Number of protein chains: 2
Amino acid sequence: MAEPLSRSQAEQLAVALKAVADPTRLQLLSMISASESGEACVCDLTAPLGLTQPTVSHHLKILVDAGLLVRDKRGKWSWYAIVPEGLEALRRLIP
Amino acid sequence: MAEPLSRSQAEQLAVALKAVADPTRLQLLSMISASESGEACVCDLTAPLGLTQPTVSHHLKILVDAGLLVRDKRGKWSWYAIVPEGLEALRRLIP
């Protein structure tokens, strides 16, 4: 890296890294990444994690707020897909 | 990613990500990365951050413990260098 991160760049990046620095949220990202259709419903994610739907939805919201997932509400359920640019920016910005 | 992360893989990765998910530690990593010699002394790092030496040393220790920096004590000061494999593993493992 040519130039050290400024304080404000470092603060922004730390917020995004905190969103992923959690084992459940890392598992959610990797489960959605690994899904054949590239998206997953909350209904698919609760059983493998052994967590309730409100808990899974809470973690998913943090990832949506961090710009790492997009949410699409269809009928009864919300479907979540990875934002590739969001994860790529994280990888690129780690010093 | 072909296979979702297991719980234990996700827990290990979360520990390493928590070490970097802090603005001061991100600034330290980027300052050391950007230094011409590839290493930096605590004595070089305090003034640009406006922090005391004990505070900087505390953050550096967290990065050493996470396997992201190595420490070399020479005379009065400790010098810190990036462990490229450590940061590369983080980038690669982000789902």
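Look up: the structure comes first, before these words.
Residues numbered from 1 in each chain as written. Chains lettered and ligands numbered in written order. Predicted model: local features only at pLDDT ≥ 70, side-chain atom pairs only at ≥ 80, totals over all residues. Heavy atoms only, no water.

Enquirer: Let's hear about the overall build of chain A: which residues, and what values?
Expert: Looking only at helices and strands, chain A features five helices and three strands. Traced from its N-terminal end to its C-terminal end, chain A shows the element sequence α-α-β-α-α-β-β-α. Seen along its three principal axes, the alpha-carbon backbone of chain A occupies a region of about 45 × 25 × 20 Å. Split into buried and exposed, the 95 residues of chain A put 45% on the buried side. (Helix = DSSP H or I, 4+ residues; strand = E, 2+ residues; numbered from the N terminus. Buried < 20%, exposed > 50% of the residue type's maximum accessible area, 1.4 Å probe, protein only.)

Enquirer: Explain the sheet that holds strand β3 (residues 77-82) of chain B residue by residue, including any values.
Expert: Residues and elements named next belong to chain B. The antiparallel open sheet is built from three strands, whose spatial order is β1-β3-β2. Both outer strands of the open sheet, β1 (39-41) and β2 (69-74), are each paired with one neighbouring strand and no more. Neighbour-to-neighbour, the strand axes of this sheet turn through a mean angle of 25°, independent of strand direction. Where β1 lies against β3, three bridges are found, and the strand directions are antiparallel. Pairing of Ala40 across the sheet is with Tyr80, part of β3. Set on the sheet, helix α2 (residues 23-34) makes contact with β1, β2 and β3; between it and β3 the angle comes to about 85°. (Pairing = 2+ DSSP bridges. Axes fitted to C-alpha atoms, helices over the stretch in contact; angles between N-to-C directions. Contact = heavy atoms within 4.5 Å.)

Enquirer: Outline the interface of chain B and chain A, supporting the account with residue identities and numerical values.
Expert: Across the contact, 30 residues belong to chain B and 30 residues belong to chain A. Roughly 2,600 Å² of surface becomes buried between chain B and chain A when both sides are summed, with 69% attributable to carbon and sulfur atoms. Where chain B touches chain A, the interface holds zero salt bridges. Between chain B and chain A we count eleven residue pairs in polar contact (both at pLDDT 80 or more) in total. Within the residue set of the side of chain B that touches chain A, elements represented by two or more residues are α1 (7-20), α2 and α5 (84-93) of chain B. A total of nine residues in the side of chain B that touches chain A trace back to one element, the largest contributor, which is α2 of chain B. Counted by class, the side of chain B that touches chain A contains 19 nonpolar, five polar and six charged residues. (Buried area = accessible area lost by both parts, 1.4 Å probe. Salt bridge = Lys/Arg side-chain N within 4 Å of Asp/Glu carboxyl O. Polar contact = N/O pair within 3.5 Å; in protein donor to acceptor, adjacent residues only side chain to side chain. Nonpolar A, V, L, I, M, F, W, Y, C, P; charged D, E, K, R; others polar.)

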